[in-house]
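# Breakdown of the fold
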Amino acid sequence: MRRQSDFHARLDRHYDELKWLYCELYEGGLNHFYDLCDKMEARQAARPAALKKLDKDREGSPDWYRKNDMAGMMMYTEAFAGTLRGVERKLDYIEESGINYIHLMPLLDSPEGKSDGGYAVSDFTKVRPDLGTMKDLSHLASKCHQRGISLCLDFVMNHTSEEHEWARRARAGEKEYQDMYFFYDDYDIPSQYEKTCPQVFPTTAPGNFTWLPDAEKFVMTTFYPYQWDLNYRNPIVFNAMADNLMNLTNHGVDIIRIDAVPYIWKELGTSCRNLPQVHNIVRMLRMICEIVCPGVLLLGEVVMEPEKVVPYFGTVEKPECHMLYNVTTMATTWHTVATKDVSLLKRQMDIVSSLPKEYVFLNYLRCHDDIGWGLEYSWLKGAEQMEEIPHKKFLNDFFTGRYPGSFARGQLYNDDKASGDARLCGTTASLCGLEKAVKEGTREDVENAIRFDLTLHGYMFTLSGIPVVYSGDEIGQFNDYSYVEDPKKAADSRYLHRGKFHWDAAGLRDEEGTMENLLFHGIRRMESIRSSFSVFSNKADVKTVDSGDISVLHLTRSYGGETLEAFFNFSDSPKTVWVSDSAEYADLLEGGPKRSGSLPLKPYGMLWLLSSTSNKYFS
Ligand code: GLC
């Protein structure tokens, strides 16, 4: 008897469930299902041997991405190094930064000026020509793999650019292609959708539909008018997009960020977010990857409250995403920066720590998008008498520097006067006071702001999951105000924090005492401590402790008989903290032992103290 191939064994394992889910979604779609199976087989056959080997290795150690030595960085190819070849030449810097996972922002072909930062893809099989080629992408991925670096890329699946071939043919009147989108002759159905479907960009792109005068049709455009929503009710769309996904993974992409995933299924009378069919589709994508490229991970972009995010992990038997963003923690961190009150952050930590440890969150201080104020307002109202709208106004005033005494230098994003629901842009250094301190402050202000920047990163490194630094934050890059001079960017303030990487400034990282030196090596050190002490393992028990001070967050991580006591001071005053569970502690940041009792905590400072049953760190 012929030995069954690995592919067929994996297909067999998932076949019944995949077929069942497929036919549930696409009634009478059996032929399309067989087409999908053919596509999977073809992509698996074309998968390069080196990637198949990686698949095998990762199948053999399925926890490979759950280790505490994972550290990520996200960047735009053009801002960081011009081209994909350029990124390849900068891999030494990435390694020096202690990074083993890079997320390159969308780099597939996308029309200039109507690209939404690359999130309007006009060809899923082609790299934007000014950035390189698909061959460069594969080359970069293999160079990354040689160094143990994983590569993450977006899969923009909710929509295509209006310039995509499918969209062009739909606009030209081909019914087959119109059926790949949501086309309507009049505003009847669109107006019904508008009643229940909220807006993503209320000021920069109001409404969820766009009128196409040449085609005399309305098309659904949840995001920008040039981003046409794909219709996943059509199995041809699903199959074609699944094929595009497999093509990317065959070029060596290890982590697929499924962009805007909650939006991919639309239903009249609903919010068109997080519908059950979305989970069905994500589960199918997960199985497709497990069959064709089992070393690949899915990262879901679900920028919503925890109750909406967590279901995207799926269940133990039927997992969906491998990783999700810890978005509420991110927003709550900035709330804490502004209020100097850790109560909500402590509560948020308790919620996250009560989740199963198998869940892997990506922790971040900021990303390429704005910071939306998705906080737990019901709790804030009850516990702190804070109302949602005035509180959002306070946060926005604070982070745009308008609030008296504020040190922040951000800008608003989609300032919707009707809902009072503006969001916020800015780099970490500009939001935490470093930009203002350097431009207007004293030496002490600068020292405090650098300490705060490090403390915020240190807090992120203390959390379970994978920390992801935004490229440039590791050297304290400020906002880039020049975006307003570019008419293609001026209306989108997210470009404020997407500036070019400052290689000159990075060159100062080894010059003693410079801001770049203190931040780069400070962050680097924390990363290396994080990866070498098992107390940072994702298996650790994480707890919050009442620090007795409203501005001081006290977390503990316990694993293998050791406990880390972590303190973070969100205020500009020095504090005293108390530790007494052990006679002595190893101070992981400053070095040397500390006796139990009261210990000083600097303004905006942090402490990582390790108590141990053995004395191995005190020698
Ligand atoms: C995601 C991206 C964002 C983009 C949107 C539309 O939310 O993070 O930058 O505008 O999707 O594709």
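The chain goes by Alpha-amylase family protein in an unreviewed UniProt entry, where it is assigned to Candidatus Lachnoclostridium stercoravium.

## Description of the site of the ligand
Taken together, the residues surrounding the ligand are Asp-116, Tyr-119, His-159, Phe-201, Phe-223, Gln-227, Arg-257, Asp-259, Glu-301, His-368, Asp-369 and Arg-494. At 2.9 Å from an oxygen atom of the ligand is found a side-chain nitrogen or oxygen belonging to Glu-301. Notes on the ligand: free accessible area 310 Å², of which the protein chains cover 94%. Mapping the ligand onto the cavity grids shows that it belongs to the largest pocket. Each residue belonging to the shell around the ligand can be placed in one class, and the counts come to 3 nonpolar, 3 polar and 6 charged.

## Let's talk about the layout of surface pockets
Estimated volume of the largest pocket: approximately 1,200 Å³. Taken together, 45 residues make up the lining of the largest pocket; nearest its centre are Tyr-263, Val-303, Met-304, Gly-372 and Arg-423. Within the residue set of the lining of the largest pocket, elements represented by two or more residues are helix H14 (327-339) and helix H17 (388-399). Here the lining of the largest pocket is built from residues that sort into 19 nonpolar, 11 polar and 15 charged.

## A word on helix H20 (residues 443-462)
The end-to-end C-alpha distance of H20, which contains 20 residues, comes to 28 Å, matching closely the 28 Å that a straight helix rising 1.5 Å per residue would cover. Across the 20 residues that make up H20, a large majority, 14, are buried.

## A look at empty space enclosed by the protein
Using the criterion set out here, one finds 8 cavities of 30 Å³ or more in the structure. Here the largest cavity is characterised by a volume of approximately 260 Å³. Surrounding the largest cavity, 17 residues form its lining, Val-352, Ser-353, Phe-361, Ser-464 and Val-542 being those nearest its centre. Taken together, the elements giving at least two residues each to the lining of the largest cavity come down to helix H15 (343-353) and strand S14 (360-364). Take the lining of the largest cavity: its biggest share by element is 3 residues, from H15. Of the residues contributing to the lining of the largest cavity, the split by class is 9 nonpolar, 6 polar and 2 charged. In this model, the second largest cavity occupies a volume close to 100 Å³. Lining the second largest cavity we find 14 residues, and of these Pro-306, Asn-326, Gln-348, Val-352 and Phe-361 sit closest to its centre. Put simply, the parts of the chain that give the lining of the second largest cavity at least two residues each are helix H13 (306-309), H14 and H15. Looking at which element gives the most residues to the lining of the second largest cavity, the answer is H15, with 3 residues.

## Remarks on the sheet that holds strand S17 (residues 466-470)
With parallel pairing, the 8 strands of this closed barrel are ordered in space as S1-S2-S5-S11-S12-S13-S14-S17. Within this sheet the neighbouring strands show an average axis-to-axis angle of 25°, counted without direction. Two elements, strand S11 (residues 255-258) and strand S12 (residues 297-300), share 4 bridges in a ladder whose sense is parallel. The partner of Ile-258 across the bridge, within S12, is Gly-300.

Reading guide: rules and limits
Residues numbered from 1 in each chain as written. Predicted model: local features only at pLDDT ≥ 70, side-chain atom pairs only at ≥ 80, totals over all residues. Heavy atoms only, no water. Near = heavy atom within 4 Å. Polar contact = N/O pair within 3.5 Å; in protein donor to acceptor, adjacent residues only side chain to side chain. Areas by Shrake-Rupley, 256 points an atom, 1.4 Å probe, with all protein chains shown as cover. 1 Å grid on protein atoms, 1.4 Å probe; cavity = no way out; pocket = protein on both sides within 12 Å on 5 of 7 lines; lining within 4 Å. Sits in = over half its atoms within 2 Å of the grid points. Nonpolar A, V, L, I, M, F, W, Y, C, P; charged D, E, K, R; others polar. Points joined across faces, edges and corners; volume = space filled by probe spheres on them. Helix = DSSP H or I, 4+ residues; strand = E, 2+ residues; numbered from the N terminus. Expected span 1.5 Å × (residues − 1). Buried < 20%, exposed > 50% of the residue type's maximum accessible area, 1.4 Å probe, protein only. Pairing = 2+ DSSP bridges. Axes fitted to C-alpha atoms, helices over the stretch in contact; angles between N-to-C directions.

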